[in-house]
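Next come the chains, spelled out residue by residue.
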Amino acid sequence: GSACYEGPDHSYFYLSGDDNSGRKVITFSCCRMPPSHQLNHSRLLEYLKYTLDQYVENDYTVVYFHYGLNSRNKPSLSWLQSAYKEFDRKYKKNLKALYIVHPTNFIKILWKIFKPLISHKFGKKVTSLNYLSELSEHLKYDLLIVPQEVIRHDENLQGKQKGRLPPAAKRPPPRPPLPTQQFGVSLQYSFQREHLHCFVFVFLTGLRIEGLFRRSASIQTVKEIQKLYNQGKPVNFDDYGDINIPAVILKTFLRELPQPLLTFEPYDQILEITSVESSLRVIRCKQIVQGLPEHNYAVLKYLMCFLHMVSQESIFNKMTGSNLACVFGLNLIWSPQGAASLSALVPINLITELLIDFYSKIFSSRTVSGEALP
């Protein structure tokens, strides 16, 4: 049944936030796969395609934890070959990176067998990583759900390499934030309305660009702009000539807040939105946002007003409320535990879509003190 695909203890498929370029990250854990005789492989393939269908229109990244694949749960080579063929160009085109963690000889042999069948372009997207620590160079490691078995295996590998078990990593004490810090600090600290106005002004010139918010941007450029903002220096997006850069910066700002914009408090209520009768969902959304702190409410109201405007141009930009929800949902709402299981995505994306589509109804009755924001 489908239980082996989802659930906090058995799921081998997770969506784990964004990587350093603002792309969605999907993780796959072999150690959670049941024995082959218990698994309907054609159903698995259908499920993989169904899950990826929600994200392949955007750039995305896959992290594959190889540890735990053994003779009992290993799929046949013929199934792997047919799976590769099934994933046509639309799945491969926007897959920007595939990280294989803890590759074994089996993976190296497999790569040799499949390499002639795999395009050179796709081959360049594949990176093998021997240790979990290497992942943090590419994405936000803290947001990944890594099975305990994989963490123990990694510790053993490092211990063997050094001839002893690794000591607990010593982190340098955190530096106090700059007085002008904008990223990774609470909203009370970072809430700068002129920055929001600046973003919206930039996007207003590109509202009709197809796929707005769906693409990634250069990591180096994103870090450079974050640094300018954190130092309180002006940023002129015209200098960069790429609408995807402010799009990624906006998502990064939201994702690096210590708490999500909708806060952790209503997380359980948000997950229950799918069980609320359709005609009452907008009222429930309104109740949830009414309970937000003032800064969170003000930023959310401004952001949803803007995304509503983007969705009004969907005939040109193809970004309907539903498509924008897929992009922004996990940047507005995440679990106190970090990564979201795929089962949590449906309510998270649904409530985001409602906030965008019914913006005027949901945000009509509460104003913000000194509100210049719409």
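How each quantity is defined
- Residues numbered from 1 in each chain as written.
- Predicted model: local features only at pLDDT ≥ 70, side-chain atom pairs only at ≥ 80, totals over all residues.
- Heavy atoms only, no water.
- Helix = DSSP H or I, 4+ residues; strand = E, 2+ residues; numbered from the N terminus.
- Contact = heavy atoms within 4.5 Å.
- Areas by Shrake-Rupley, 256 points an atom, 1.4 Å probe, with all protein chains shown as cover.
- pLDDT = per-residue confidence, 0-100.
- Core = buried A, V, L, I, M, F, W, Y, C linked by side-chain atoms within 4.5 Å.
- Buried < 20%, exposed > 50% of the residue type's maximum accessible area, 1.4 Å probe, protein only.
- Polar contact = N/O pair within 3.5 Å; in protein donor to acceptor, adjacent residues only side chain to side chain.
- Patch = residues over 30% accessible without salt bridge, like charges linked within 9 Å, V, L, I, M, F, W, Y side chains within 5 Å.
- Salt bridge = Lys/Arg side-chain N within 4 Å of Asp/Glu carboxyl O.
- Lys, Arg positive; Asp, Glu negative; His and termini not counted.
- Charge placed at Lys NZ, Arg CZ, Asp CG, Glu CD.
- Axes fitted to C-alpha atoms, helices over the stretch in contact; angles between N-to-C directions.
- Left-handed = near helix turned anticlockwise from the far one by under 90°.
- Nonpolar A, V, L, I, M, F, W, Y, C, P; charged D, E, K, R; others polar.
- Parallel < 35°, antiparallel > 145°, perpendicular 65-115°, else oblique.
- Disulfide = S-S within 2.5 Å.
- Expected span 1.5 Å × (residues − 1).
- 1 Å grid on protein atoms, 1.4 Å probe; cavity = no way out; pocket = protein on both sides within 12 Å on 5 of 7 lines; lining within 4 Å.
- Points joined across faces, edges and corners; volume = space filled by probe spheres on them.
- Arc of directions from axis to C-beta.

Visitor: Explain the overall build of the protein to me, please; I cannot follow it from the model alone.
Guide: Across its full length, the protein holds 17 helices and 6 strands. Taking all contacts inside the protein whose residues are at least 6 apart in sequence as the whole, residues at least 24 apart take part in 78%. Accessible area for the protein stands at about 18,600 Å²; split by element, carbon and sulfur atoms hold 53% of it.

Visitor: Looking at this model, I keep getting lost on the confidence of the model for the protein. Mind explaining?
Guide: It should be kept in mind that the predicted coordinates are not to be read in detail where pLDDT is low. Taken as a whole, the protein shows an average pLDDT of 78; of its residues, 76% reach a score of 70 or greater. Mean pLDDT across the elements of the protein bottoms out in helix α7 (residues 187–190) (52) and peaks in helix α12 (residues 281–290) (94). Note on residues 1–10: pLDDT under 50 across the span, and 24 contacts to partners over four residues away in sequence or across chains. pLDDT under 50 marks residues 165–171. Its contacts with residues more than four places away, or in other chains, come to 6 contacts.

Visitor: Looking at this structure, how should I read the nonpolar core?
Guide: Within soluble globular proteins, side chains that are nonpolar tend to cluster in buried spots. Counting 75 residues, the largest nonpolar core has Phe213, Met304, Leu307, Phe328, Leu332 and Phe363 as its most contacted members. In terms of nonpolar packing, the next biggest core, distinct from the first, is built from 14 residues, Ala97, Leu129, Leu132 and Leu144 among them.

Visitor: What exactly am I supposed to notice about the side chain of Thr221 here?
Guide: Here Thr221 lies in helix α9 (residues 219–230). Relative accessible area serves as the criterion here: at 16%, Thr221 is assigned to the buried category. Separated by 3.1 Å, the side chains of Thr221 and Ser218 make a polar contact. Sequence-distant contacts of Thr221, that is, excluding residues within four places in its chain, are made with Tyr240 and Ile245.

Visitor: I would appreciate a short explanation of the side chain of Asp19 in the present structure.
Guide: Assignment of secondary structure puts Asp19 in the loop between β1 (13–18) and β2 (24–29). In this structure the side chain of Asp19 is engaged in a polar contact, spanning 2.8 Å, whose partner is the side chain of Thr61. The residues touching Asp19, leaving out its near neighbours within four places in the chain, are Val25, Thr61, His138, Leu139 and Lys140.

Visitor: In this structure, what is going on with a positive patch on the surface? I would like to understand it.
Guide: Taken together, the side chains of Lys93, Lys96, Lys121 and Lys124 present a region of like positive charge at the surface. With respect to the helices, strands and loops of the structure, Lys124 is situated in the loop between α5 (120–123) and β5 (126–129). Here Lys124 falls in the exposed class, since its relative accessible area comes to 63%.

Visitor: Please clarify how the pattern of salt bridges should be interpreted in this entry.
Guide: Pairing is possible between side chains of opposite charge, provided their charged atoms come close. One pass over the structure, following the stated rule, counts 3 salt bridges. We note a salt bridge from Asp19 to Arg23, for which the minimum N-O separation is 2.8 Å. As far as the burial class goes, Asp19 and Arg23 line up, both buried. Among the salt bridges present, the one from Glu313 reaches Arg208, with a minimum N-O distance of 3.0 Å.

Visitor: Is there a simple way to explain the packing of helix α15 (residues 321–332) against helix α16 (residues 342–357) in this structure?
Guide: Geometry of a packed helix pair, given as the angle between the helix axes and the separation of the axes. Where α15 meets α16, the axes come as close as 8 Å, and the angle between the chain directions of the two elements is 115°. Seen along the crossing, α15 lies across α16 with a hand that is right-handed. Of α16, the residues touching α15 (which contributes Gly321, Ser322, Leu324, Ala325, Cys326, Phe328, Gly329, Leu330 and Leu332) are Leu345, Ile348, Asn349, Thr352, Glu353, Ile356 and Asp357. Its residues assigned to classes, the contact of α15 with α16 comprises 9 nonpolar, 5 polar and 2 charged.

Visitor: It is not clear to me how the packing of α12 against α16 should be interpreted in this structure. Could you clarify?
Guide: Direction vectors running N to C along α12 and α16 enclose 90°, while the axes themselves pass 10 Å from each other. Looking at the two axes, α12 sits roughly perpendicular to α16. Facing α12, whose interface residues are Arg281, Val282, Cys285, Ile288 and Val289, α16 presents Leu350, Ile351, Leu354 and Leu355. Its residues assigned to classes, the contact of α12 with α16 shows 8 nonpolar, no polar and 1 charged.

Visitor: I tried to follow the state of the cysteines on my own but got confused; where do I start?
Guide: Disulfide: a covalent bond connecting the sulfur atoms of a pair of cysteines. All chains considered together, the criterion is met by 0 disulfides. The thiol of Cys31 is unpaired, and the distance to the nearest cysteine sulfur, on Cys30, comes to 7.8 Å.

Visitor: Teacher, can you tell me more about α9 here?
Guide: Residues three or four positions apart in an α-helix share a direction because the helix packs 3.6 residues into each turn. Its 12 residues give α9 an end-to-end C-alpha distance of 16 Å, which sits within 8% of 16 Å, the value for a rise of 1.5 Å per residue. Those residues of α9 that fall on the buried side of the exposure criterion are Thr221, Val222, Ile225, Gln226, Tyr229 and Asn230. Positive backbone phi, at 75°, marks Gly232, one or two positions downstream of α9.

Visitor: Teacher, can you tell me more about empty space enclosed by the protein here?
Guide: To locate leftover empty space, one rolls a probe as large as a water molecule over the atoms. Following the criterion strictly, the structure yields 5 cavities of 30 Å³ or more and no others. Residue lining of the second largest cavity: Ser21, Gly22, Arg23, Lys24, Asn58, Asp59, Phe213, Arg214, Arg215, Ser216, Lys251 and Val327, and that is the complete set.

Visitor: Is there a simple way to explain α12 in this structure?
Guide: Of the positions making up α12, those classed as buried are Arg281, Val282, Cys285, Ile288 and Val289. Down the axis of α12, the sector holding all buried residues measures 120°, keeping them to one side. Those residues of α12 that are buried are in contact with α11 (267–271), α13 (294–312), α16 and α17 (359–362).

Visitor: How should unusual backbone geometry be read in this particular structure?
Guide: In terms of backbone geometry, most residues other than glycine have negative phi values and most peptide bonds are trans. Backbone geometry at Thr263 places phi at a positive 65°, although glycine is not the residue there. With respect to the secondary-structure elements, Thr263 resides in the loop between α10 (244–255) and α11. We classify Thr263 as buried; its relative accessible area is 13%. Even without a glycine there, the phi angle at Lys318 is positive, about 65°. Mapped onto the fold, Lys318 is located in the loop between α14 (314–317) and α15.

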